[in-house]
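Single-letter residue listing:
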Amino acid sequence: MTDQLTIALAQINPTVGMLDDNAALIRAARADAAAAGADLVVFPELSVCGYPPEDLVLKPFFLDKVEETVRGLAAQTADGGPALLVGAPWRVDGKRHNAALLLDGGVIAAVRLKHDLPNYGPFDEKRVFAAGPLPGPVNFRGVRLGVLVCEDMWTPDVAETLAETGAEILVVPNGSPFEIDKVNRRLDLAVARVVETGLPLIYLNQVGGQDELVFDGASFVLNADRSLVAQLPAFAPALGLTRWVRTEEGWKGSSPDMTPPPDALGAIYGAMVLGLRDYVRKNRFPGVILGMSGGIDSAISAAVAVDALGPAQVHCVMMPSPYTSQESLDDAAECAGLLGCRIDTISIQPAMAAFATMLAPAFAGRQPDITEENLQSRSRGVTLMALSNKFGGMVLSTGNKSEMSVGYATLYGDMCGGYSVLKDVYKTTVYRLSHWRNGNRPEGALGPAGRVIPERIITKAPTAELKPDQKDQDTLPEYEVLDDILECLVERDLSLAEIVARGHDAATVNRVWRMLDRAEYKRRQAPPGVKITSRSFGRDRRYPITSGLLSLLRSAEG
């Protein structure tokens, strides 16, 4: 009977569909773990193909290639080195499953199928996978490992079954994306499973960006007494080593790896940096281009881009109109200088004049209105896309969640772009993040230390500068009020009466609700962006564009 075991936690950053590259990551982690004396290396959920693979798993040729890759990895374990616990889509009796596979001694020694398939928020695994049966433990070199695949840990059934059938250590491979406060939720659920079963638990999470999802890693290990044995870093690949000893009370682990998690703002900022870095690099863009207005949204977006990619890969463009203040020109230049990135100035006045001349016959007899304001924004969008086409950089849009919620954005204008780091970040959080970044340089950031956003950008009143003396609050409630109402509507699904009871003006709440509903058609055409909250726009919150919702609201008010 084995009395000692060394288990390595490989917190890797796979890319969906890049099977050869992912296999190379697995082999490299195994080699490092072997040098450290590991018996087993645990990898994240679906680590062979990357998570989430979505409809790729519906393609038989893709599953064929996955199986070929897994068998190749299994063959390499014939060398007597560490075994591998990897994740992959796997066919059993003609059905597709989300599986964890133990590779040892040159063969696929065991297969365990995910039982609890998530079907909420960004997850729709029931579309592509079949649920596996309640599993029993895996016998690994005399130790019974209870393998739970991600969602299997979020409810008690699988852990209870494993404990009842003799499991000694719970091992949880995960693809759990970042959300605000999710680290605490994971830990609470893991503690609950430890308390219910009396078993220690290894929680191994993926790291990296995949489209709108960011996987934050932050893997951890708990002993049976609920004590924290190991904590791996957030937002970075890592290889953690845990050493286990059989005692009279069961298995007890120890580890030198203990990295405290970032604070709340640091976690949001880290998710934004990692999400953008992986989106740009995995999609092979040479860098990003963004409009630099002298406002806070473009400033924090530029800071994230420089921290993610380095200043040489960030190209800022100031595009003044007759309404652009000298203050904005100066602030944009100062911010780019602090970040060390390139900034060019391209006036949109010639485009405005051309559109005015071109449209004059059609607009004859009508006064200027929001149409002319939107033409300015769209002239900037066309300019940025032209630079993108010519030089290859991806346009980074800079709109925040407050604006996207209420439609305070121009289709084919400031909404133009390939990705957005602020898509799920409310305006009040933008201000907090700007202060935070001026006082903190995140681990692994490629931008400079110290102040990167001029104080005047943070303190001045926000404005789109599309007409004389324009301010955001001419159209919108104060952002502190707006964001609280929006959070109640979007994240918490509170009724209008409940929101008013929080102290908000009823007319303001009703107006924000109408704006939120009317802007759905714009949001459907927005670029992807980093998911930060529990209800990001897109797959988390799905409302029809065409609906009678406002009519129902009016009826309720009447």
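The coordinates are above.
Note that this is a predicted model, so its numbers are computed, not measured.

Trainee: Help me out: how do you make sense of the packing of aromatic side chains in this one?
Mentor: The geometry of an aromatic ring pair is captured by the separation of the ring centres together with the interplanar angle, meaning the angle of the planes. For the coordinates displayed, the defined rule picks out six aromatic pairs. Arg-523 extends its terminal NZ or CZ atom over the ring of Phe-537, reaching a point 4.5 Å from the ring centre. The lysine or arginine in question, Arg-541, covers the ring of Tyr-543, its NZ or CZ lying 4.0 Å from the ring centre.

Trainee: Can you walk me through the sheet that holds strand S16 (residues 288–291) in this structure?
Mentor: The strands making up a sheet are joined through hydrogen bonds of the backbone, oriented either antiparallel or parallel. The five strands are arranged S18-S17-S16-S19-S20 in an open sheet whose pairing can be described as parallel. The two strands at the open ends of the sheet, each matched to only one other strand, are strand S18 (342–345) and strand S20 (419–420). Sheet analysis places S16 next to strand S17 (residues 314–318), joined by four bridges and oriented parallel. Note on S17: the bridge partner recorded for Val-288 is Val-314. The sheet strands contacting helix H9 (residues 370–391) are S16, S17 and strand S19 (394–397), and the helix crosses S16 at an angle near 165 degrees.

Trainee: Explain a nonpolar patch on the surface to me, please; I cannot follow it from the model alone.
Mentor: A surface patch of nonpolar side chains, amounting to about 240 Å² of accessible area, comprises Leu-187, Leu-228 and Met-258. Residue class for Met-258 comes out partly exposed when judged on its relative accessible area of 43%.

Trainee: I'm lost on the side chain of Thr-77 in this one. Help?
Mentor: Relative to the helices and strands, Thr-77 resides in the loop between helix H2 (60–76) and strand S3 (83–92). Taking the relative accessible area as the measure of exposure, Thr-77 reaches 1% and is therefore buried. Apart from residues no more than four positions distant in its own chain, Thr-77 is found in contact with Arg-30, Pro-82, Leu-84, Leu-103, Asp-104, Gly-105, Gly-106 and Val-107.

Trainee: What's the story with empty space enclosed by the protein in this structure? I'm lost.
Mentor: Any empty space left between the atoms is revealed when a probe the size of a water molecule rolls over them. Tallied over the entire structure, the rule returns four cavities of 30 Å³ or more. In this structure, the largest cavity occupies an estimated 110 Å³ of space. Considering the residues around the largest cavity, the lining is formed by 14 residues, among which Tyr-51, Pro-52, Glu-54, Asp-124 and Glu-125 are closest to the centre. Each residue belonging to the lining of the largest cavity can be placed in one class, and the counts come to eight nonpolar, no polar and six charged. In this model, the second largest cavity occupies a volume close to 70 Å³. Lining the second largest cavity, in full, are Ser-397, Gly-399, Glu-403, Met-404, Ala-409, Asp-414, Met-415, Ser-420, Lys-423, Ala-526 and Pro-527. Residues that form the lining of the second largest cavity fall into these classes: five nonpolar, three polar and three charged.

Trainee: Before we go on, may I ask you to explain the layout of surface pockets in this structure?
Mentor: The space that makes up the second largest pocket amounts to roughly 520 Å³. In terms of lining, the second largest pocket is formed by 24 residues, of which the most central are Ala-234, Phe-235, Ala-236, Glu-443 and Gly-444. No other element matches helix H5 (residues 264–282), which puts eight residues into the lining of the second largest pocket. Of the residues contributing to the lining of the second largest pocket, the split by class is 14 nonpolar, five polar and five charged.

Trainee: Is there a simple way to think about the nonpolar core in this case?
Mentor: The nonpolar side chains of soluble globular proteins are, as a tendency, buried together. Counting 52 residues, the largest nonpolar core has Met-272, Leu-276, Val-288 and Leu-396 as the members making the most contacts within it. Sorting the residues of this core by element identifies H5, S16, helix H6 (296–309), S17, helix H7 (326–339), S19, helix H11 (427–439) and helix H12 (455–459) as the ones contributing at least two each. A total of eleven residues in this core trace back to one element, the largest contributor, which is H5. If you look at the next biggest cluster of nonpolar residues, it comprises 37 residues, including Ile-12, Phe-62, Val-86 and Val-128.

Trainee: What is the right way to look at the sheet that holds strand S14 (residues 238–247) in this model?
Mentor: Reading across from one edge, S5-S4-S3-S2-S1-S14-S15 is the order of the seven strands in this open sheet, with mixed pairing throughout. Each edge of the open sheet carries a strand with a single partner, namely strand S5 (107–113) and strand S15 (250–254). Put simply, the sheet's adjacent strands are angled 35 degrees from each other on average, direction ignored. Against the sheet, H2 contacts S3, strand S4 (95–104) and S5, and its axis sits at roughly 155 degrees relative to S3.

Trainee: Help me understand the environment of Ala-519 in this model?
Mentor: Secondary-structure assignment places Ala-519 in the loop between helix H15 (506–518) and helix H16 (520–523). Considered as a pair, Ala-519 and Leu-199 are 320 residues apart in the sequence and their alpha carbons are 49 Å apart. Excluding anything up to four places from it in sequence, Ala-519 contacts Met-404, Ser-405, Val-406 and Gly-407.

Trainee: Explain the pattern of salt bridges here, please?
Mentor: Opposite charge on two side chains permits them to pair, given that their charged atoms come into close proximity. By the definition in use, this model includes 32 salt bridges. Residues Glu-68 and Lys-65 are paired through a salt bridge, measuring 3.5 Å at the closest nitrogen-oxygen approach. In this pair, Glu-68 and Lys-65 both sit in helix H2, three residues apart, roughly one turn of the helix. By relative accessible area, Glu-68 is classed as exposed at 52%. Arg-437 is paired through a salt bridge with Asp-307; the nearest N and O atoms lie 2.7 Å apart.

Definitions and limits used
- Residues numbered from 1 in each chain as written.
- Predicted model: local features only at pLDDT ≥ 70, side-chain atom pairs only at ≥ 80, totals over all residues.
- Heavy atoms only, no water.
- Phe/Tyr/Trp six-rings, centres within 6.5 Å; stacked < 30°, edge-to-face > 60°.
- Lys NZ or Arg CZ within 6 Å of the ring centre and 35° of its normal.
- Pairing = 2+ DSSP bridges.
- Helix = DSSP H or I, 4+ residues; strand = E, 2+ residues; numbered from the N terminus.
- Contact = heavy atoms within 4.5 Å.
- Axes fitted to C-alpha atoms, helices over the stretch in contact; angles between N-to-C directions.
- Patch = residues over 30% accessible without salt bridge, like charges linked within 9 Å, V, L, I, M, F, W, Y side chains within 5 Å.
- Areas by Shrake-Rupley, 256 points an atom, 1.4 Å probe, with all protein chains shown as cover.
- Salt bridge = Lys/Arg side-chain N within 4 Å of Asp/Glu carboxyl O.
- Buried < 20%, exposed > 50% of the residue type's maximum accessible area, 1.4 Å probe, protein only.
- 1 Å grid on protein atoms, 1.4 Å probe; cavity = no way out; pocket = protein on both sides within 12 Å on 5 of 7 lines; lining within 4 Å.
- Points joined across faces, edges and corners; volume = space filled by probe spheres on them.
- Nonpolar A, V, L, I, M, F, W, Y, C, P; charged D, E, K, R; others polar.
- Core = buried A, V, L, I, M, F, W, Y, C linked by side-chain atoms within 4.5 Å.

This is a description of form; function is not addressed.
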